[in-house]
Structures are given as structure tokens and as C-alpha cells.
Amino acid sequence: MMSNDDSQGRGLLVVISGPSGVGKTTIVKAVKERLNGIFSVSATTRPRSEQEQDGVDYYFLTEEEFQRRLDAGQMLEHAQVFGRHRYGTPRQPVIEALDDGHLVILEIDVQGACQVRASAPDAFMIFIMPPNEAALLERLRGRGRDTEEAIQRRFEEAQREIGLAHSRGVYDAFVRNDELARAQDETCELIRSRQLSAVSCQPE
Ligand code: 5GP
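Structure report, in brief. Since the model is a prediction, treat every value here as computed from it, not as a measurement.

Strands in a sheet are paired, the pairing made by backbone hydrogen bonds, and the direction either parallel or antiparallel. Spatial strand order, β4-β3-β6-β5: 4 strands in an open sheet with mixed pairing. Across the chains shown, the open sheet's two edge strands, defined by having one partner strand only, are β4 (58–60) and β5 (75–81). The mean inter-strand angle of the sheet, taken between neighbouring strand axes irrespective of direction, is 25°. Relative to strand β6 (residues 85–90), strand β3 (residues 42–44) runs antiparallel, the two sharing 2 bridges. Looking at β6, one finds that Thr44 is bridged to Tyr87. Sheet strands touched by helix α3 (residues 63–71): β3, β5 and β6. Its angle to β6, the strand with the most contacts, is close to 40°.

This is the structure we're talking about:
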């Protein structure tokens, strides 16, 4: 867990969640580039796809290594996503970047966001919504990354995740990705406003 002191570093911790296929990775990229953010590279036990690079997209770990790091207290949050693979945020790089005053972006699921909210009340959390269900299914198919069975599983998981995001009440904002450029602008604008309000609230 992150202590409350950790979340009060000079930087801003931003959590971006959303179902698979909603386009959140592209939105996160825009936030990173436009607002000079640092992307937190997660650890996962899922296999690496051909397009992915170890240490850039994820740290691809064995089950044993993931568990070892978790037991050693090295994860800020962690979750089993789709009931199969484990994902977690390495703690140290996040704490250090926040202490250095950076904007740090976590792209994590709702379970992880709830854990972060509990230990970092000042984190700013955004959930990216698909335009509608049909569009989401289209996007999952269009990625060409999964089998039809996996696509259906991700689709059901996406519907559950959207429901959970609303019921848990941990998100500060919901952004609908109906048009990518617009959703990127809205997300960056929300974060920028939060940064400005945090600065104006700081004691002299
Ligand atoms: P994918 O396997 O498609 O890259 O990611 C599957 C899901 O895992 C996504 O919803 C993503 O947000 C979530 N995820 C990725 N990294 C982390 C992490 O470090 N922690 C948690 N809790 N979820 C993660």
C-alpha cells in the first residue's frame, strides 16, 4: 500500500482505466506527450504479444517472480484481470517520480484503481467509455490480436468493468471516446485543470 504521505508528493498521480479496446492506450500516449507525463510500466504474468516490448509496454514476469515482488512489498497495487493473468504497478518508480514533481500515469483496471484510491486520495482518476457496445465489439475485433473466444470474453469483461467503474464511485471523471481527437483533448484538459487547481490550493 501507498502511505498517505506518498500521495502528497509534489507530482500528480493520474489513473486511467477503461475496458480493453476502448482506445485508452492512445489516449494515455497523448497525455504523456502533451503534459510531459511519465508512464508507469506495469508488471504482468500474461504472455508478451509480438508487437510488445519487455520493459516498455510491460515487464513480463513469471508467476513466481511476480509473487516474489508482491511479497517483498514492491507493488503499489495489483489485480488478477480476466480471472487469469496478474498485473501490478511497481511501487518505487511511481513514488520517486511523484517526489520529483512529475505527472505519473497509471493505466490500470478498476480493482487496481480502488486500491490506489484507498491509499492515495489525491490521485486523479479517469474512466474511458466506449461510444456504445457495438463500437466496442468492433474495436476488439479490429485489433486482430485475439481469437473470437478471447474477444467475447474481453467484451463481457468490458461490460462488467463499466458497471463496476460506476458502482465503485472512485472515478473523478468519465470520458467517452466517441472521437479520438476530442477524447484526447478532453482528457488532457481535465488533467491540466486538476494540476492548476492543485497549484492554486498550495499554501504560500
Ligand atoms: P492488456 O492485457 O490488454 O494489456 O490489459 C488488460 C487489462 O489490464 C487492462 O484493462 C489494463 O488496464 C489492466 N492493467 C494493465 N496494467 C495493470 C496494472 O498494473 N494493474 C492493474 N490493476 N491493471 C492493469
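Here the narrative resumes, following the displayed structure.
Below, the discussion takes up the environment of Val15. For Val15, the location among the structural elements is in strand β1 (residues 12–17). With residues up to four places along the chain from it excluded, the contact list for Val15 reads Leu106, Ile108, Ala113, Val116, Phe124, Met125 and Ile126.

The next thing to look at is helix α6 (residues 133–142). Residues of α6 that are buried: Ala135, Leu136, Leu137 and Leu140. The secondary structure elements touched by the buried residues of α6 are α7 (148–168). Between the side-chain oxygen of the N-cap and the backbone nitrogen of Ala134 there are 3.2 Å, and the N-cap of α6 in question is Asn132. Gly144 sits one or two residues past α6 and shows a positive phi near 60°.

A word on the environment of Ala181. Residue position: Ala181 is located in helix α8 (residues 180–201). Separated by 24 residues in the primary sequence, Ala181 and Glu157 have C-alpha atoms spaced 26 Å apart.

Attention shifts here to the packing of aromatic side chains. A full pass over the atoms with the stated rule returns 5 aromatic pairs. Pairing Phe127 with Tyr171 gives two aromatic rings, centres 5.3 Å apart and planes at 65°, and the pair type is edge-to-face. A residue pair is termed long-range when its members are at least 10 positions apart, and Phe127 in strand β8 (residues 124–129) and Tyr171 in the loop between α7 and β9 (173–176) qualify at 44 residues. When sorted by exposure, Phe127 lands in the same class as Tyr171, which is buried. Between Phe127 and Phe174 the ring centres are 5.7 Å apart and the planes differ by 50°, which places this aromatic pair in the tilted class. Here Phe127, found in strand β8, pairs with Phe174, found in strand β9; they are 47 residues apart in sequence, far enough to count as distant. By relative accessible area, Phe174 is classed as partly exposed at 33%. One aromatic cluster in this structure is built from Tyr58, Phe60 and Tyr87.

What counts, and where the lines are drawn
- Residues numbered from 1 in each chain as written.
- Predicted model: local features only at pLDDT ≥ 70, side-chain atom pairs only at ≥ 80, totals over all residues.
- Heavy atoms only, no water.
- Pairing = 2+ DSSP bridges.
- Helix = DSSP H or I, 4+ residues; strand = E, 2+ residues; numbered from the N terminus.
- Axes fitted to C-alpha atoms, helices over the stretch in contact; angles between N-to-C directions.
- Contact = heavy atoms within 4.5 Å.
- Buried < 20%, exposed > 50% of the residue type's maximum accessible area, 1.4 Å probe, protein only.
- Polar contact = N/O pair within 3.5 Å; in protein donor to acceptor, adjacent residues only side chain to side chain.
- Phe/Tyr/Trp six-rings, centres within 6.5 Å; stacked < 30°, edge-to-face > 60°.

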